[in-house]
Protein chains: 4
Amino acid sequence: MGSPTARWQRRKEARPPEILSAALAVFAERGYAATRLDDVARRAGVTKGTLYLYFPNKEELFKAVIRGTLVPALTRITDADAASPVSIDDLIADFERLADSPIGVIPKLVLGEATNFPEITRFYLDEVVARGLKAIRAMLQRGIDAGTFRAVDPEYSAYCVVAPLLLGLLWKHSLGAVANDPLDIAVLCRTHRDLLLNGLRPRPVAP
Amino acid sequence: MGSPTARWQRRKEARPPEILSAALAVFAERGYAATRLDDVARRAGVTKGTLYLYFPNKEELFKAVIRGTLVPALTRITDADAASPVSIDDLIADFERLADSPIGVIPKLVLGEATNFPEITRFYLDEVVARGLKAIRAMLQRGIDAGTFRAVDPEYSAYCVVAPLLLGLLWKHSLGAVANDPLDIAVLCRTHRDLLLNGLRPRPVAP
Amino acid sequence: MGSPTARWQRRKEARPPEILSAALAVFAERGYAATRLDDVARRAGVTKGTLYLYFPNKEELFKAVIRGTLVPALTRITDADAASPVSIDDLIADFERLADSPIGVIPKLVLGEATNFPEITRFYLDEVVARGLKAIRAMLQRGIDAGTFRAVDPEYSAYCVVAPLLLGLLWKHSLGAVANDPLDIAVLCRTHRDLLLNGLRPRPVAP
Amino acid sequence: MGSPTARWQRRKEARPPEILSAALAVFAERGYAATRLDDVARRAGVTKGTLYLYFPNKEELFKAVIRGTLVPALTRITDADAASPVSIDDLIADFERLADSPIGVIPKLVLGEATNFPEITRFYLDEVVARGLKAIRAMLQRGIDAGTFRAVDPEYSAYCVVAPLLLGLLWKHSLGAVANDPLDIAVLCRTHRDLLLNGLRPRPVAP
DNA sequence: TATGAATGAGAGTTCATTCAT
DNA sequence: TATGAATGAACTCTCATTCAT
């Protein structure tokens, strides 16, 4: 608790998540290079020196932000397998949730800094992108096998499945801050679902 | 050209495009904040001071890069109107061309720096995004009116039309630099076209 | 000692010497400015905060290290007087002992920081240098009076008496850490003794 | 020349030596770690940024100071060989000159930072110490061979030859700044010369 | 007495910008 | 027109010192 007059408190356990979320916010707004650690510290309610008690430097802080946040939010998708497969609606639901969360900005951050931080990019490719695509491809293949979907190319169709959802996220955290008319992600998702399911629907056999 | 004894060449007219394309390349690779004007100058074959003869500062150079490059490449789409409408195949063709050009990196740059440069974002929204979406929506509406397409929501469907194309561009200039297996944009475009046209196809009337 | 459940031991009396010897070791290796109190604390088996229970700040700790250690090791020399005079062999023996002790590094430290810590330098000049030189000069004067030594200038000869011994100490704690072939202080002392005694020997009267 | 109102001048050639001598002065006074580049810059009449135009960082500046200054001052000694041998009086003369020059502080600096900068220490050992000792040993051996000197151990006697001269230098740049009564290096040299030559003189054969 | 989380001033370093040449 | 030496404001990172626990 600490007395109200205390200049500061020891909060060893609480600091890291607070710092990470402050850092996410500032990185999201400014990008990696333009982010000042002073701002991160201020937003986390500590001083600059304190950041260095928990993270060895700015780059590692950035990596921790990226690594620590997006993966947990997508486990339903990235951990999908034959036993617990994922559906299009699952995917959409998870993206809608992501769009409402601060960590929805991570894809924008990663795309923007990908060439500066190949190590992070690789992590993101391996842990998020590859696994997500794999789950979507499995979903498509199952649909094809079951006759629910046409025989499309699962590999590349997977990109088309995520693209509008990703666009929603990117928009929200970039153009959305400036655009006059907002993009309603729920409507986007519904529209995408409709187009996609029709696009995948088996063609009627000519009589 | 200058005489052989000239210490440097007077190339007042040739400089700006050279500087812009050098700047585009470096901004593309590093992002705005991490780009050093020294690197831009070196790549343009001049020195740092020379940049300031043509652009008042780093920010204006960045703006000039963004403003001067993407719009011309998309005039067929952004200038489409009833007299010269655009088709899905036009759109795809223009994006494929963009993917092969250095300026294909602009969307990534704009998304990454959108919150830092609202003025640019607004420009991009007005000159590229709004006009592009408008052309696509007109295209969809024409199809719906003609009975070629189902009665989808043209406003939000437009996002679904561009999303996979945009994803191709973004991938190429971010994850693509690190990913093991490349993304073939031509295949992506074909797949998207197939899914989209089927998604838009009028449903057969139940007998 | 403290009960076995005590979170730490109360060792008020034992701490200062432990801290001083840890500090001596680190100051010796790094010099004053480059020494981190964290390192001193770690080597002393305590934490940084504890240092401040015993010494008000880094500078005072440094002074305590210098003041507390060298003087006791040289009392035979510095306290020499007519009643208990010192011989060249005493001097050499004390320096050889110093060379084997951690406190042999003190002269190097004092020389290196003399201009930063005039107060320490004055202390060292008064308590060590002046008294040591005085004893050596007395020794030389006695030898001259007794006819054992030539009539050299005792004031400046005293520097020549200590110089090689000091060089041995300095070498050991600076160049010696890097040099390939070691400097054998015992041999150095023997050589110096031989040269010095011959240098001081009265010249034979020409027949 | 530059107009008197010019905020600064371009003096590409003049800067490095000015910076080096400013750096030598500040390093000499404060030691490496306690030296602030701001102070070096101010003393050199430039700003901190300018230092980085000529030296990549503080450590390299320090190395340049050490490497660039002492060696040239001692070439007569370090380059001595059979063709151009060195005498005791040469040695003394060079040290007296060194004592009057700002670079006489280098030995103190090197000894003080030897453990922090092994690379410099090795340079100094190889280029200054080893070559200097070698020249002195050759000198002693020549004297022994010629019968001018007794058969002393040339290896260790060499240390005894330099030690008082070195002590003079070290004193001047450390204790000398604080001590009340100055050490007269000329007298020290004379006294040392006398003691040394007598110490090396062949003993008279007993009749 | 002891800890070590937290502070905050200060250092080295970078780089957009200026300006003497 | 072109240069690139020089500037100076920022920024990251360190570490002596403090103080809640």
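Conventions we followed
- Residues numbered from 1 in each chain as written.
- Chains lettered and ligands numbered in written order.
- Predicted model: local features only at pLDDT ≥ 70, side-chain atom pairs only at ≥ 80, totals over all residues.
- Heavy atoms only, no water.
- Contact = heavy atoms within 4.5 Å.
- Buried area = accessible area lost by both parts, 1.4 Å probe.
- Salt bridge = Lys/Arg side-chain N within 4 Å of Asp/Glu carboxyl O.
- Polar contact = N/O pair within 3.5 Å; in protein donor to acceptor, adjacent residues only side chain to side chain.
- Helix = DSSP H or I, 4+ residues; strand = E, 2+ residues; numbered from the N terminus.
- Phe/Tyr/Trp six-rings, centres within 6.5 Å; stacked < 30°, edge-to-face > 60°.
- Buried < 20%, exposed > 50% of the residue type's maximum accessible area, 1.4 Å probe, protein only.
- Lys NZ or Arg CZ within 6 Å of the ring centre and 35° of its normal.
- Nonpolar A, V, L, I, M, F, W, Y, C, P; charged D, E, K, R; others polar.
- Least-squares fit on C-alpha atoms with pLDDT ≥ 70 in both.
- Domains from an automatic or database assignment.
- 1 Å grid on protein atoms, 1.4 Å probe; cavity = no way out; pocket = protein on both sides within 12 Å on 5 of 7 lines; lining within 4 Å.
- Points joined across faces, edges and corners; volume = space filled by probe spheres on them.

1. A short note on the arrangement of the chains
- Separated throughout, chain B and chain C approach each other most closely at a C-alpha pair spaced 32 Å apart.
- What separates chain B from chain D at the closest point of their C-alpha atoms is a distance of 14 Å, and the two make no contact.

2. Section: the interface of chain B and chain A
- Contacts between the two partners involve 54 residues from chain B and, on the opposite side, 53 residues from chain A.
- Buried area between chain B and chain A, summed over both chains or domains, comes out near 4400 Å², and the portion from carbon and sulfur atoms is 70%.
- For the interface between chain B and chain A, the tally reads two salt bridges.
- Notably, a salt bridge pairs Arg150(A) with Asp194(B), separated by 3.3 Å at the nearest N-O pair.
- Seen at the junction of chain B and chain A, the total is eleven residue pairs in polar contact (both at pLDDT 80 or more).
- Contributions of two or more residues to the side of chain B that touches chain A are made by α1 (15–30), α7 (106–113), α8 (118–146), α9 (154–173) and α10 (185–200) of chain B.
- A total of twelve residues in the side of chain B that touches chain A trace back to one element, the largest contributor, which is α9(B).

3. Quick notes on the packing of aromatic side chains
- Throughout the structure, instances matching the rule amount to 28 aromatic pairs over all chains.
- A ring pair is formed by Phe27(B) and Tyr32(B), whose centres lie 5.7 Å apart and whose planes are at 20°; its orientation type is stacked.
- In this structure Tyr32(B) comes out as buried when scored by relative accessible area, which is 12%.
- Among the aromatic residues, ring-to-ring pairing joins Phe27(A), Tyr32(A), Phe62(A) and Phe117(A) into one connected group.
- Stacked on the ring of Tyr159(A), the Lys or Arg Arg137(A) has its end atom at 5.5 Å from the ring centre.
- One Lys or Arg, Arg67(B), reaches over the ring of Phe123(B) and ends 5.9 Å from the middle of that ring.

4. Topic: the interface of chain D and chain C
- Each partner contributes to the interface: chain D provides 53 residues, whereas chain C provides 54 residues.
- Carbon and sulfur atoms supply 69% of the area buried between chain D and chain C, which totals about 4400 Å² over both sides.
- Counting across the interface, chain D meets chain C through two salt bridges.
- Counting across the chain D and chain C interface gives twelve residue pairs in polar contact (both at pLDDT 80 or more).
- Looking at the side of chain D that touches chain C, the elements that each hand over two or more residues are α1 (15–30), α7 (106–113), α8 (118–146), α9 (154–173) and α10 (185–200) of chain D.
- Here the side of chain D that touches chain C gets twelve residues from one element, more than from any other, and that element is α9(D).
- Looking at the side of chain D that touches chain C, its residues break down into 32 nonpolar, eleven polar and ten charged.

5. Looking at the relation of the copies chain D and chain C
- Of the transformation superimposing chain D on chain C, the axial component is 0.0 Å and the angular component is 180°, with the fit at an RMSD of 0.1 Å. A rotation of that kind, with that shift, is consistent with a two-fold axis. Of every C-alpha in chain D, the one belonging to Gly199(D) sits nearest the axis of rotation, 1.7 Å from it.
- Taken as a fraction of all interface residues of chain D, those also at the interface in chain C reach 100%, which identifies the copy contact as same-surface.

6. Observations regarding the relation of the copies chain B and chain A
- Each copy superposes on the other: chain B lies on chain A with an RMSD of 0.2 Å after a rotation of 180° and an axial shift of 0.0 Å.
- When the interface residues of chain B are mapped onto chain A, 98% of them are again interface residues, pointing to one common binding face.

7. Comments concerning the domain arrangement of chain A
Residues and elements named next belong to chain A.
- Each domain of chain A was delimited in the assignment, giving domain 1 (1–56) and domain 2 (58–200).
- A separation of 29 Å is found between the C-alpha centroids of domain 1 and domain 2.
- At the interface, 14 residues of domain 1 touch 15 residues of domain 2.
- In total, about 1300 Å² of surface goes out of reach between domain 1 and domain 2, with carbon and sulfur atoms giving 80% of it.
- The tally of links between domain 1 and domain 2 comes to zero salt bridges.
- Here domain 1 is connected to domain 2 by six residue pairs in polar contact (both at pLDDT 80 or more).
- Where the side of domain 1 that touches domain 2 is concerned, the elements lending two or more residues are α1 (15–30) and α2 (37–44).
- The residue inventory of the side of domain 1 that touches domain 2, partitioned by class, reads twelve nonpolar, two polar and no charged.

8. A word on the layout of surface pockets
All names here are of chain D.
- Estimates place the volume of the largest pocket at around 560 Å³.
- The element contributing the most residues to the lining of the largest pocket is helix α3 (residues 48–54), with three residues.
- A per-class count over the lining of the largest pocket returns four nonpolar, four polar and six charged.
- For the lining of the second largest pocket, the class distribution of residues is four nonpolar, four polar and four charged.

9. As for the pattern of salt bridges
Residue and element names in this part refer to chain B.
- Going through the model one piece at a time under the given rule, you end up with 72 salt bridges over all chains.
- With a closest N to O distance of 3.4 Å, lysine 63 and glutamate 60 form a salt bridge. With lysine 63 and glutamate 60 both in helix α4 (residues 58–73) and three residues apart, this pair spans about one turn of that helix.
- We classify lysine 63 as buried; its relative accessible area is 3%.

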